[in-house]
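Fold and contact review
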Amino acid sequence: MPKIDRMYYLTEVDKQPRSIYCMHDLMGENDVAPHAHHKGQFLYTQGGIVHVVTPQKTYFLPARHYIWIPPGVEHSIHPGSPDVIMRNLYFPVESDDKPFYFETGIYPVNDLLLQMVIFSNQWSGDINEGDKSSYWFAMALKYILPEISMYNLPLALPYAKDKRLDKVIRFMEDNLQEPIAFPELARRFGFSERSLSRLFHKDLAMSFVQYLTIQRMLRALRFLLEERMSVKEAAALVGYNSVPTFSTTFYKVVGIRPSDYVKMNDLSHEKLF
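Quantities reported herein were computed from a predicted structural model and do not represent experimental measurements. (Residues numbered from 1 in each chain as written. Predicted model: local features only at pLDDT ≥ 70, side-chain atom pairs only at ≥ 80, totals over all residues. Heavy atoms only, no water.)

Next up on the list: the packing of helix H4 (residues 163–174) against helix H7 (residues 208–225). The interhelical angle for the contact between H4 and H7, taken along N-to-C directions, is 40°, at an axis separation of 10 Å. Classified by the angle between their axes, H4 and H7 sit oblique to one another. In this structure, H4 meets H7 at a crossing whose hand is right-handed. Contacts from Ile169, Met172 and Glu173 of H4 reach H7 at Phe208, Tyr211, Leu212, Gln215 and Arg219. Looking at side-chain class alone, the contact of H4 with H7 contains five nonpolar, one polar and two charged residues. (Axes fitted to C-alpha atoms, helices over the stretch in contact; angles between N-to-C directions. Helix = DSSP H or I, 4+ residues; strand = E, 2+ residues; numbered from the N terminus. Parallel < 35°, antiparallel > 145°, perpendicular 65-115°, else oblique. Left-handed = near helix turned anticlockwise from the far one by under 90°. Contact = heavy atoms within 4.5 Å. Nonpolar A, V, L, I, M, F, W, Y, C, P; charged D, E, K, R; others polar.)

As C-alpha cells, this is what we get:
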C-alpha cells in the first residue's frame, strides 16, 4: 500500500468543494484527531473495530458495516487494532438531499455495496465530474445508501453527563463477565431502583437493560473480531452462560448470528485484498 499523508483528512478532503474524495488508509496505530469536514463521510473498515467519537457518543464500527458521518460533525477515529484499514469516500451534500445524509449512523453492508467498495480500491484523491465513469459510479454509491440502509444499528453508547451515573457505567464496563442485577447495582451506588432507572432514561435516553446489552454486544464484537475467540468464549466473557441466548441477543442488536458474522467477516476480508 502506498505511503499516505496522515493529515489528508485536514488538508485535502475539502480542497475541491465539488469533488468526491477517496482514500484507503492502513491505520497502523494512528488515531485521527478531532476534526470535521464540509463533505459527508462514508467510512468502511476491515481488520477490526474502529471507535468513532463525537461530542455526544462513541460509535463502534465493526467489520462488514459502514458509518455515515454528516457534514460538519466533529469526530475523531481510533482503530482497535494496528491492522485496521479505513476505506473513505467523502461526498458533497446538498441542502435538499434526503434526511439520511444529515444523521450519523452505522449500517450493515450488503453484497452490492461491498462490491462497489471493492471497485473503489482503484481510486485515490479527488474524483471530479470530468472523470465521468469514476465520478458517476461513486455518486451511484452515495445515492443508493438511503435505499439499502434501512436499519441504523444501535452500535453507539452515549456519554453519561451525571457523574454519579458515570461511576455506575464504569462499574458495569469492568464487570461485564459477571451477572449484574439492577437492584444490587442501585444499592451499591446509593440509589433506589426507581431513581436509578429514571437517571438512565433522563441522562442516556435508554434503560439499564438496553445499555448493558449494548455494552456486552460491543465487547463481544471485539472478542470475535480482534481476538478471534470462539462464539462460546465470547459469550462467557460477556456474561452469558447460554450460547443460544447470546446468539439471539447478538442477532437482535447486530442483525446477524455471531457464527455467521465471523464467517462473513473472514470472507469480506479476503475479497478486499
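Having seen the model, we can carry on.
Time to look at the confidence of the model for the protein chain. Mean pLDDT over the protein chain: 87, with 93% of residues reaching 70 or higher. Element-level pLDDT for the protein chain is lowest in helix H10 (residues 258–271), with a mean of 66, against a maximum mean of 96 in helix H5 (residues 182–188). (pLDDT = per-residue confidence, 0-100.)

Considering all chains together, one arrives at 18 aromatic pairs under this definition. Geometrically, the ring pair formed by Phe246 and Phe250 is tilted, given 5.8 Å between the ring centres and 50° between the ring planes. Of this pair, Phe246 and Phe250 both sit in helix H9 (residues 243–254), four residues apart, which is roughly one turn of the helix. When its relative accessible area of 0% is taken as the criterion, Phe246 is described as buried. Aromatic rings pair up to connect Phe42, Tyr66, Trp68, Phe91, Phe100, Tyr101 and Tyr107 into one cluster. (Phe/Tyr/Trp six-rings, centres within 6.5 Å; stacked < 30°, edge-to-face > 60°. Buried < 20%, exposed > 50% of the residue type's maximum accessible area, 1.4 Å probe, protein only.)

Each full turn of the α-helix corresponds to 3.6 residues, which orients residues three or four apart in the same direction. What helix H2 (residues 111–119) keeps buried is the set Leu113, Leu114, Met116 and Val117. All buried residues of H2 fall inside an arc of 160° around its axis, so they share one side. Its side-chain oxygen 3.3 Å from the backbone nitrogen of Leu112, Asn110 forms the N-cap of H2. (Arc of directions from axis to C-beta. Polar contact = N/O pair within 3.5 Å; in protein donor to acceptor, adjacent residues only side chain to side chain.)

Next up on the list: the sheet that holds strand E5 (residues 57–61). Strand order across the open sheet formed by five strands is E2-E7-E4-E5-E11, with antiparallel pairing between neighbours. In the strand order of this sheet, the two ends are held by strand E2 (32–35) and strand E11 (156–158), each with one partner. Going across the sheet, the axis of each strand differs from the next one's by a mean of 15°, ignoring polarity. One ladder, built from four bridges, connects strand E4 (residues 50–53) with strand E7 (residues 75–79); its direction is antiparallel. Each residue of the ladder has a partner; that of His51, found in E7, is His78. (Pairing = 2+ DSSP bridges.)

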